[in-house]
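What follows is the residue order along each chain.
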Amino acid sequence: MRLWHLLLRQWRNRPGRALATAASVAVAVAAVVATWISADASRAGYGRIAEALDGIPVVDVSARGGGRFVIDELPPLADVPGVRAAVPLIYRPARLLLDDGRRITQLAVGVDAVSLVRLGLLELEAGEPCRDVDELLLDAALARSLGLGVGDELLVPARRRLIPRRMRVSGLVKPGSAGWFAEGADVVFDIQVLEAMSLATALVDRVRVAVAADASRPKVQQAIAARLPTNLVAEIPAGQASMAEDVLHSANLGLDFVTGLTVAMAFFIVGNAMLMNVTERRRGFSLLRLLGATARQIRRFVTTEAAILGAAGGLVGAAAGLAAAGPISAGIARALQAPALGFAVQPWILPAAVLLGFLVAVAAAWWPAREATAIDLLEGLAAAPAPPPQGVPLTFILAVVGFALIALVNQALVILEVLPPRMTVPGGITLLLAFVATTPILLPPIVRVLGWFVPRSLRIEGMLATEQILRQPVRTALTTGVLIVAVSNGIGLGHAIRDNVDDVLGWYGRMMRADWVLSHAGMLQGVAEAQSLDSKEVEKEVRALPGVASVEGLGVTTGRVAGGACVIVARDVPADQPLPLLPVDATEAELRAALDRGDAVAGTVLARRTGIKAGDEVSVEVFGRTVPVKIAALVVDYTSGGASLHVRRETARSLFGLRSADILLVTAEPGRSEELREPLERIVADHTMILRSFGEVQRFVDRIVGGVVNSLWAILGLGFVVGSLGVANTVTMNVLEKKRTLGLLRAVGMTRGQVTRMVVLESLLLGAAGGLIGLAAGLVTAVFIQLASQPLLGHPINVTFRPGVVLTNLAAAIAVTTLAAWLPARRAVRLDLLESISAE
Amino acid sequence: MPPNFLPSSIVRAEGLEKTFATAGVGPGVPAVQAVDLDVARGEFVAITGASGSGKSTLLHMLGGITRPSAGRVLLEDTDLAALDDDGLAAIRRRRIGFVFQRYNLLPELSLEENVALPLVLDGATAATCSEAAREALAAVGMSHRAAHRPDALSGGEQQRGAIARALVTSPAILLADEPTGALDSVNSANVLALLQSLVRDRGQTVILVTHDPGIAAAAGRIVRMRDGRIVEIVPGGSAACATEAAPR
Ligand SMILES: Nc1ncnc2c1ncn2[C@@H]1O[C@H](COP(=O)(O)OP(=O)(O)OP(=O)(O)O)[C@@H](O)[C@H]1O
Ligand SMILES: [Mg+2]
């Protein structure tokens, strides 16, 4: 016989104990695996949505001083890692003469359409890509508004040609599919055709580089920049860090947090199970030591057992985690309405999970193994475990202070941007450990106070339950640790995500508070001098419609500020309406006054990128002209990811010569929005404009936001399920350890009902105490995440206290722990009276 | 040399003291004070005294289970105080056998495996272990129950098994703390007879703690304790019977 025979005997003799321990490992590993895979699925889903909103991620190569450059100056870029295609582009205004006499001016883009279609970077709704000199592509929506289809012909005047060229519509571009390069151009020519027409051979406006979805854009940008001659620059265009990315940034941080915390939770669960597994055999180990076993032998015994149970539990947990991840991922995909997400199961996940189980179990067994050998021999042999030490253990106070300090320093470094925002995750987890370590300190007073709320009729049960909880500080700390993680996860992320979402929705509400949006095709280029007249007319027509409450005109164009691209928005906000911008460090009244003075305000993202501050005077380049503009204040704005400059329309006219209203926001009288569809569609058709319902945009935003929120809740729910198992384990252990006491109490007349109530109360008190500490931890976590998001968003997000989120989480904690009492209560009631009294 | 010391001692206690710290309040409980004791090879010593007089505490210090607050224990001329925990464990494993009132055997293991435990812990080969265990079981007359689990044995049988385990390493001393405390009179007599035969036939040194004057009387020497001190050491066996019988 060897010592491990003893192990086998113990397993055979009490299979339940070994199984419960392995099951704890399995639960913990399953939680980690499921969370990991689900978080990956969420990330992938978010990424797809970001792509859908933003289009394909790109990097632009353009001339340093602005203007065109000779394409031959550009070195080949196709072999740069992460580059899908490098697309030379030219933009020209083009007039289209329709056969019925209508003439419209549009922005045209010249590209190699054949190649783009082949690469899947341009999708056609109908027809073929243009390849011949007399072919062009039209945006499908524009074509519809013009009443044109594939094969129809129109006249396009070209420079230095007296007779306009007759061209054929060879295909219709699927709306949105050209968005990533077209910049609002709705007419697509072959690049050589457009070059010839504008007599600018070999000169391009920019080369737009499509970046693979899984590549890091900044890295690709750097790699490209390294190859460029000095007169060319590589930039990420302003319009491409959009609102979606901002929401997703915070959601991703949230996912990182959840994953990290699940690992922490796994440690608590397994640690608790190991502790109990060893504590239960306290007398056996003491007897072995009495017979001359060395501390090392005992520790090796415990560790070996932990390793075996851990690896086995890890294997089962990996399988269970994979099984659970399937439906969760599918649910997330549904919530995000991302098509056929699926999740990739890497082949390494199984060995990794087994290794995780093994490592977690061995690490978690360290403390119990130490305890088993550190306690006094005679105490270990005694029938009842020693009473808990009085007073607050110094170790815990040191742990709290230590963890908190590490977390705060880490967070300070993140805020100071010494560390990347992601590093807030380990910091947040360390902070959570600090909270968990407060449990032995805070639990006695909390449980006592909670005890006051136990009805008088349950005094005995309450007393016993309280005593049970307080006599095992470490075990209780580990159990409540699981709950604290679950609750603080729920509350922290609930707050952070909702705050972020509200931030975005708040902007949407301010910016897009209309029901209908009318826009000119090609609006971003401000090319249409003639349209300004046109738009006045449209505005008048729209105003005259019955059911219209208000019409607001916006001028939009692009420009450059301090070397970076930006979007310029010209807009007058009526005094009776809220400003569509959220001022930073200024009041709304100050903002209005500044705009009235003819100053501009800059979006926070633009400010961060270019380093401009409130009060600066900057040079703004629009339409080739450079004018000085005073930046009065910074504002939160998600247009073009906040890389925007806002002025009044009058200011835009005098400074930049921007006259047109490219966008009309139409607000209907309450309940009459749908009535406007038909008349608006008619106006749009007459003026070659495009009509969008704000409802569609709203629905799209809602969908993302809802998806983000739902998927996080799904993952958080997992945490609660796992937490409940931890509580069930602890309370069962407490019951078994108190077998003798319970037997004696039953013998002197305690009823089954009383025993049940005592066990349930014990559970409830644990749940409430863990919930309360978790609440505090969660609110701090929320602030943590928000502070970490700040460097990226460029503005602080207000943390709003949300009673709904808090109550839901507390209720979940209490409900889950009460349910968890069911099994131990049954055990307690079924204890054989005689056996439990004679239990030794 | 203090009066209780013998020249050929196998275990010797010098000025032993043990004070239990009481958490925060009071000066602590003096469980054992100023105990000098010498036990010769092959001797059978009984320690008696009222409950709480320090018998168990003294036994624990002699066996290297607890460390004294002051004084020292020499076991076969090894100073137990000079050993670290692993050294003490090795001494317990090889040179000392323990028998307690109850909970001597691991419930998961068969009787033979329980008996072999100290050898297993010492890293002996499987063959050595089972041979020695069988021998020890034979010595206590329990060979026929070797394969049974402890919970299938009566209290007396369990104690005999515990004695077999204590003997399996041929220890220098066998320490027994009320080994008959939980047994009826018939079983008590059996266990006592077994201990006596070990002393007589194998020259085993035995130190026994007991309440029962009848059992104490079977020893060669009786150490009486009160309030942590040795108040009297008298010869046992027929001598003790004689002194008690004399006034009759
Ligand atoms: N761990 C301990 N902590 C505090 N006091 C202790 C401890 N162990 C024993 N004592 C005290 O030391 C004194 C001697 O105890 P000990 O167990 O040695 O007595 P005993 O003679 O064996 O009694 P009994 O016959 O009842 O077993 C008693 O007063 C006891 O309360
Ligand atoms: Mg005693």
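Data block above holds the structure.
Attention in this report is confined to the structure presented alongside it. The structure presented is a predicted model; accordingly, all values stated were derived computationally and were not measured.

1. Re the overall build of chain A
Phase 1 of the analysis: When its secondary structure is counted, chain A shows 28 helices and 22 strands.
Phase 2 of the analysis: For chain A, long-range pairs separated by at least 24 residues make up 83% of all intrachain contacts whose partners lie at least 6 apart in sequence.
Phase 3 of the analysis: If you sum the accessible surface of chain A, you get close to 34200 Å²; carbon and sulfur atoms cover 61% of it.

2. Looking at the interface of chain A and chain B
Phase 1 of the analysis: Each partner contributes to the interface: chain A provides 25 residues, whereas chain B provides 29 residues.
Phase 2 of the analysis: Surface buried jointly by chain A and chain B totals about 2500 Å² across both partners, of which 64% is contributed by carbon and sulfur atoms.
Phase 3 of the analysis: Inspection of the chain A/chain B interface yields 4 residue pairs in polar contact (both at pLDDT 80 or more).
Phase 4 of the analysis: Mapped onto the side of chain A that touches chain B, the elements with two or more residues apiece are α1 (3-13), α9 (282-290), α10 (295-336) and α12 (377-381) of chain A.

3. Looking at the nonpolar core
For soluble globular proteins, the rule of thumb is that nonpolar side chains tend to be buried together.
Phase 1 of the analysis: In this structure, A:Leu288, B:Val11, B:Ile163 and B:Leu174 are the most contacted members of the largest nonpolar core, which totals 114 residues.
Phase 2 of the analysis: One finds A:Val485, A:Val727, A:Leu742 and A:Val759 within the second-largest nonpolar core, a separate group that totals 64 residues.

4. Quick look at the packing of helix α14 (residues 424-437) of chain A against helix α15 (residues 439-452) of chain A
Residues and elements named next belong to chain A.
Phase 1 of the analysis: Contact geometry for α14 and α15: axes closest at 6 Å, N-to-C directions at 45°. Between α14 and α15, the angle is such that the two are oblique. Contacts from Phe435, Val436 and Ala437 in α14 reach Thr439, Pro440 and Ile441 in α15.
Phase 2 of the analysis: For the contact of α14 with α15, the class distribution of residues is 5 nonpolar, 1 polar and no charged.

5. Quick notes on the packing of aromatic side chains
Phase 1 of the analysis: This model, assessed by the stated rule, comprises 2 aromatic pairs over all chains.
Phase 2 of the analysis: Judged by centre distance (5.7 Å) and plane angle (75°), the ring pair of A:Phe285 and A:Phe301 falls under edge-to-face. Note that A:Phe285 is positioned in helix α9 and A:Phe301 in helix α10, a separation of 16 residues in sequence. Taken individually, A:Phe285 and A:Phe301 each receive the classification buried, so the pair is uniform in this respect.
Phase 3 of the analysis: When the centroid spacing of 6.0 Å and the interplanar angle of 5° are considered together, the rings of B:Phe98 and B:Phe100 count as stacked.
Phase 4 of the analysis: B:Phe100 gets classed as buried once you look at its relative accessible area, which sits at 11%.

6. Structural notes on the pairing of strand β17 (residues 600-603) of chain A
Residue and element names in this part refer to chain A.
Phase 1 of the analysis: With 4 bridges joining them, β17 and strand β19 (residues 625-636) adopt parallel strand pairing. If you follow Ala602 over to β19, its bridge partner there is Leu634.
Phase 2 of the analysis: Two strands pair when backbone bridges link them, and β17 and strand β20 (residues 644-647) are joined in this way by 2 bridges, in the antiparallel orientation. Each residue of the ladder has a partner; that of Val601, found in β20, is His646.

Quick notes on the rules
- Residues numbered from 1 in each chain as written.
- Chains lettered and ligands numbered in written order.
- Predicted model: local features only at pLDDT ≥ 70, side-chain atom pairs only at ≥ 80, totals over all residues.
- Heavy atoms only, no water.
- Helix = DSSP H or I, 4+ residues; strand = E, 2+ residues; numbered from the N terminus.
- Contact = heavy atoms within 4.5 Å.
- Areas by Shrake-Rupley, 256 points an atom, 1.4 Å probe, with all protein chains shown as cover.
- Buried area = accessible area lost by both parts, 1.4 Å probe.
- Polar contact = N/O pair within 3.5 Å; in protein donor to acceptor, adjacent residues only side chain to side chain.
- Core = buried A, V, L, I, M, F, W, Y, C linked by side-chain atoms within 4.5 Å.
- Buried < 20%, exposed > 50% of the residue type's maximum accessible area, 1.4 Å probe, protein only.
- Axes fitted to C-alpha atoms, helices over the stretch in contact; angles between N-to-C directions.
- Parallel < 35°, antiparallel > 145°, perpendicular 65-115°, else oblique.
- Nonpolar A, V, L, I, M, F, W, Y, C, P; charged D, E, K, R; others polar.
- Phe/Tyr/Trp six-rings, centres within 6.5 Å; stacked < 30°, edge-to-face > 60°.
- Pairing = 2+ DSSP bridges.

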